[in-house]
Amino acid sequence: PVAQPASATGEHPPGAALVGTKYVKVPKNDPSQAKEANDAPKFPIAPRMTADKGRVPHVASTQQYLEMWQRSVDKPAEFFAEQARELLSWMTPFSVAHHGDLHHGDASWFLDGTLNASYICVDRHAFATPDKVAIIYEADHPDRPHVEITYRELLRQVCQLAGALHAQGLRKGDAVGIYLPNTAHAVVAMLACARLGLVHSVIFAGFSAEALRDRLRDCQCKVLITADQGMRAGKEINIKSIADEALREAPMVQKVIVHKRTGNPNVKMDPTRDIYWDEAVKSHRPYCPPVPMAAEDPLFMLYTSGSTGKPKGLMHTTAGYLLGAALSTKYVFDVHEGDKFACVADVGWITGHSYIVYGPLALGTTTLVFEGVPTWPEPDMYWRLIQKHKLTQFYTSPTALRALRKFGDEPVKKYDLTSVRVLGSVGEPIDPNTWMWLHDVVGKGEAAIVDTYWQTETGAHVLTPLPGAIETKPGSATVPFFGVRPAILDPQTGEELEGNDVSGVLAFKQAWPSMARTVFGDHDRYLETYVRPYPGYYFTGDGCTRDHDGYLWIKGRVDDVINNAGHRLSVAEIESALTAHETCAEAAVVGAPDEIAGQCVIAFVTLKHTHIPTSEIPALLTYAVRRSIGPIATPKRIIIVPDLPKTRSGKVMRRILRKIVANETDSLGDLSTLSDPSVVQTIIDLHNNKQ
Ligand code: WT7
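What you see is a predicted model, and the numbers here were worked out from it, not measured in a lab. (Residues numbered from 1 in each chain as written. Predicted model: local features only at pLDDT ≥ 70, side-chain atom pairs only at ≥ 80, totals over all residues. Heavy atoms only, no water.)

A. The overall build of the protein chain, seen in detail. Per the secondary structure count, the protein chain includes 21 helices and 30 strands. A burial count over the protein chain gives 62% of its 691 residues as buried. Taking the contacts inside the protein chain whose residues are at least 6 apart along the sequence as the reference set, 72% of them involve residues at least 24 apart. Element-wise, carbon and sulfur atoms account for 52% of the exposed surface of the protein chain, whose accessible area totals about 25400 Å². Averaging the coordinates of the 71 positive side-chain charges in the protein chain and doing the same for the 78 negative ones gives two points 3 Å apart. (Helix = DSSP H or I, 4+ residues; strand = E, 2+ residues; numbered from the N terminus. Buried < 20%, exposed > 50% of the residue type's maximum accessible area, 1.4 Å probe, protein only. Contact = heavy atoms within 4.5 Å. Areas by Shrake-Rupley, 256 points an atom, 1.4 Å probe, with all protein chains shown as cover. Lys, Arg positive; Asp, Glu negative; His and termini not counted. Charge placed at Lys NZ, Arg CZ, Asp CG, Glu CD.)

See below:
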């Protein structure tokens, strides 16, 4: 049962449940949802998975998957203990593999073992295969030659920076902020922190000064590692000046290490606080011993947005997280010796943490770091990279694919992409048409497609096909990964919907090693968000259908989270940025369907009596959002309305606004509970009047 019945307050429409204070419409157990899924075609195991007779997929049949998965959920301690011994290296072996559960929010793994993530990702490969390339760094501009860093060299760079951090007085458990463009330096910075047991907190370089400031303050960062500038599609981004602004109100940051990315002479340095990276590391030895960490010691925290205004610093542990990253990289991408792996996300997101840095490097693979964008200078950057480096796995997002597909097939066909065995998609639901394009045009029907569903909180994939074992359906994330026991719940009763052809909310029935352990500084919020809504389950916040084959289809967020181009945005955060502006009285933000980005942000605002609507106000409010959160949260439209649709008790009915922006005004539902139903038509007219 849920903590409170869904309609307890009378303000929630049928089919909506309560989580915290906010909740939106969740899919009912609607057979038509399953029908859509049931009509989907099924694709057999991709030819390239079995083309090379000398290379057998790690999981080579559905039967083998089923056996492994069953064991992973029936005997998780045993299964994961084996995997943890095989994939990680232990300084002190563990004897207790698993303790705790979802009910109490205390799930822990390999508790009495010690290890070091930097040792696992760097040293052991630097000793075994020193000349192997660890990182290929491709800068924003294709004319700039790429950089290859061997494992031997990576160890030196990581150690020198660790030495510099140690010299700043940083010790195990201290937090370090990383605000860097997507470069090899960002990877080195993360691993240097891990070496000393410093908890890194990477803040995506697209976040604004205010967002950076709030995150640095929340985690009490003592040092910030940043860059003079970033480069994006040929344009300079003044990262250091954004950091300077953030630091004015984050005095706990005493030292700033600055990577000279562009060397622009106009970048200001504060001689008492700032030091260039090269300067900081040069007096340090290129070897420094890794600090033994308990398995459950934090490896990093990463902020993500939820239903409420304040972003959560999700905390991941050293052993469980690293195991999840390594295990999923190995099995989901079927990584073998000699592979060159590319995840073209940014290290500022969990995707970059797990699949640029920790997963591939833990396995000793070559990982590519791409600083640029797919469409600049030409919409062929990805294909160019695949051909140039003979990449074997390529992991990207539906938004990027939709944007590229608009340029037609020609830019893809110019390149030889036959090296790729596995093409991955992540971040948002992939529509079947885009999936088919990826399959037919990019993969030539020969490469495997893995639609991987997971979250910042899950640390690693939780629903995904294994490319040598699971037949795929365009648009479905298919089946659970090892250790994951999914359940579809009735959103209102919390009752588990057994069997196939059911729809509801997605939850997980037992703990798995790579799940986030807590929200930094607020364990109660962790419990409140993830385990209390449906006691005994981890609640994902996503709607989900199980089709007649038992395949799982993610239907998108059911809470007040907007997924714009794979970026997770909080309705509450955007609304508070708007209402903080002097002109704005009230704001209601909703996600609207968007051809490229999946969803875009539309804001409805009312103005204070002291202001009249002018054409400048939307621009001012847009700027306010960009300042408060960053360009990623920019609303596509801001519509000034005389009033918002509210219940008699004053609660804003975003459900109605969601229908309006989706052009579904013929199914607005019951408006009789509104205090002023006539406002709806006015809003519809203002919305449709797109000048
Ligand atoms: C939310 C998590 C960890 C991946 C990057 C985003 C959505 C993610 C898929 C997918 C459908 C997906 C969900 C999820 N999502 N992958 N393959 N199919 N939806 O991480 O920022 O923590 O967002 O992204 O809604 O809850 P995130």
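B. Quick peek at the sheet that holds strand S24 (residues 538-546). Strand order in the open sheet made by the four strands is S21-S22-S24-S25, with antiparallel pairing throughout. With one partner strand each, in any of the chains shown, strand S21 (486-489) and strand S25 (552-557) form the two edges of the open sheet. Looking at each pair of strands side by side, their axes are set apart by 45 degrees on average, direction ignored. (Pairing = 2+ DSSP bridges. Axes fitted to C-alpha atoms, helices over the stretch in contact; angles between N-to-C directions.)

C. Geometry of the confidence of the model for the protein chain. Within the protein chain, residue pLDDT values average 94, and 95% of them lie at 70 or more. Low pLDDT, under 50, characterises residues 1-25; the predicted model gives this stretch 61 contacts beyond four residues in sequence or across chains. Across the interfaces of the predicted complex, the ipTM metric reaches 0.99, alongside a pTM of 0.94. (pLDDT = per-residue confidence, 0-100.)

D. Broad picture of the sheet that holds strand S15 (residues 312-317). Strand order in the open sheet formed by eight strands is S12-S11-S8-S6-S7-S14-S15-S23, and the pairing between neighbours is mixed. Sheet topology places strand S12 (274-276) and strand S23 (518-519) at the edges, where each strand pairs with a single neighbour. Both strand S8 (residues 223-227) and strand S11 (residues 255-259) contribute to a ladder of five bridges, which runs parallel. When the bridges of S11 are listed, Leu 224 appears paired with Val 256.

E. Focus on the site of the ligand. Around the ligand sit 17 residues in total, of which Asp 451, Thr 452, Thr 456, Asp 542 and Arg 568 are the nearest. Note that an oxygen atom of the ligand is positioned 2.8 Å from one of the side-chain N or O atoms of Arg 557. At a separation of 2.6 Å, an oxygen atom of the ligand approaches a polar side-chain atom of Arg 568. For the ligand, whose free accessible area comes to 560 Å², the fraction covered by protein is 95%. Taken together, the elements giving at least two residues each to the shell around the ligand come down to helix H12 (350-362), strand S20 (448-452) and S25. (Near = heavy atom within 4 Å. Polar contact = N/O pair within 3.5 Å; in protein donor to acceptor, adjacent residues only side chain to side chain.)

F. How the structure looks around the environment of Asp 270. Checked against the element boundaries, Asp 270 lands in the loop between S11 and S12. In this structure Asp 270 comes out as partly exposed when scored by relative accessible area, which is 29%. Here the alpha-carbon distance between Asp 270 and Ala 162, two residues 108 residues apart in the chain, equals 22 Å.

G. Highlighting the packing of helix H5 (residues 117-128) against helix H7 (residues 184-196). At a minimum axis distance of 7 Å, the contact between H5 and H7 shows a crossing angle of 120 degrees. As summarised for this structure, H5 and H7 are arranged oblique, according to the angle between their axes. For the pair H5 and H7, the crossing hand works out as left-handed. Between H5 and H7, the contacting residues are Ala 117, Ser 118, Tyr 119, Cys 121, Val 122 and Asp 123 on the first element and Leu 191, Ala 194 and Arg 195 on the second. A class-by-class count of the residues in the contact of H5 with H7 yields six nonpolar, one polar and two charged. (Parallel < 35°, antiparallel > 145°, perpendicular 65-115°, else oblique. Left-handed = near helix turned anticlockwise from the far one by under 90°. Nonpolar A, V, L, I, M, F, W, Y, C, P; charged D, E, K, R; others polar.)

H. Representation of the UniProt feature "domain: AMP-dependent synthetase/ligase" (unreviewed entry) in the protein chain. Residues annotated by UniProt as "domain: AMP-dependent synthetase/ligase" (unreviewed entry) correspond here to residues 123-511. With 31% helix and 22% strand, the stretch residues 123-511 has end C-alpha atoms that lie 30 Å from each other. (UniProt positions renumbered as here; feature names shortened; annotations may be inferred.)

I. Structural detail: the packing of aromatic side chains. Under the criterion given, the structure shown has 34 aromatic pairs. Aromatic side chains Phe 43 and Trp 435 sit 5.3 Å apart centroid to centroid with 40 degrees between the ring planes, which places their arrangement in the tilted category. Highlighted residues: Phe 43 in the loop between helix H1 (31-38) and helix H2 (47-50) and Trp 435 in helix H16 (residues 432-442), separated in sequence by 392 residues. Centre to centre, the rings of Tyr 534 and Phe 539 are 5.1 Å apart; their planes meet at 65 degrees, and the pair counts as edge-to-face. Overall, Tyr 534 belongs to the buried group, its relative accessible area being 1%. Judged by its relative accessible area of 3%, Phe 539 is buried. (Phe/Tyr/Trp six-rings, centres within 6.5 Å; stacked < 30°, edge-to-face > 60°.)

J. Representation of helix H11 (residues 318-332) in the model. End to end, H11 covers 21 Å across 15 residues, agreeing with the expected 21 Å (1.5 Å per residue, within 8%). H11 sits mainly inside the fold: 15 of its 15 residues count as buried. Remark: Asp 334 follows H11 within two positions and exhibits a positive phi of approximately 45 degrees. (Expected span 1.5 Å × (residues − 1).)

K. View of helix H6 (residues 151-167). Across its 17 residues, H6 extends 24 Å between first and last C-alpha, which sits within 8% of the 24 Å expected from 1.5 Å per residue. Three or more residues of H6 are buried, namely Tyr 151, Leu 154, Leu 155, Val 158, Cys 159, Leu 161, Ala 162, Gly 163, Ala 164 and Leu 165.

L. Spotlight on the nonpolar core. Judged by nonpolar contacts, the single largest core of 131 residues is most densely connected at Phe 110, Leu 154, Leu 165, Ile 225, Tyr 358 and Phe 482. Sort the elements by how many residues they give to this core and H7 lands first, with eleven residues. Apart from the residues within four sequence positions on either side, Phe 482 is in contact with Val 59, Tyr 65, Met 68, Trp 69, Ser 72, Phe 79, Phe 80, Leu 327, Tyr 331 and Leu 466. Counting 47 residues, the second largest nonpolar core, distinct from the first, contains Leu 216, Cys 219, Ala 246 and Ala 587. (Core = buried A, V, L, I, M, F, W, Y, C linked by side-chain atoms within 4.5 Å.)

M. Local environment of unusual backbone geometry. The peptide bond linking Trp 376 to Pro 377 adopts the cis configuration, its omega dihedral lying at -5 degrees. For Gln 220, which is not glycine, the phi torsion reads 55 degrees and is therefore positive. If you trace the backbone, Gln 220 turns up in the loop between helix H8 (209-218) and S8. A relative accessible area of 48% places Gln 220 in the partly exposed class.

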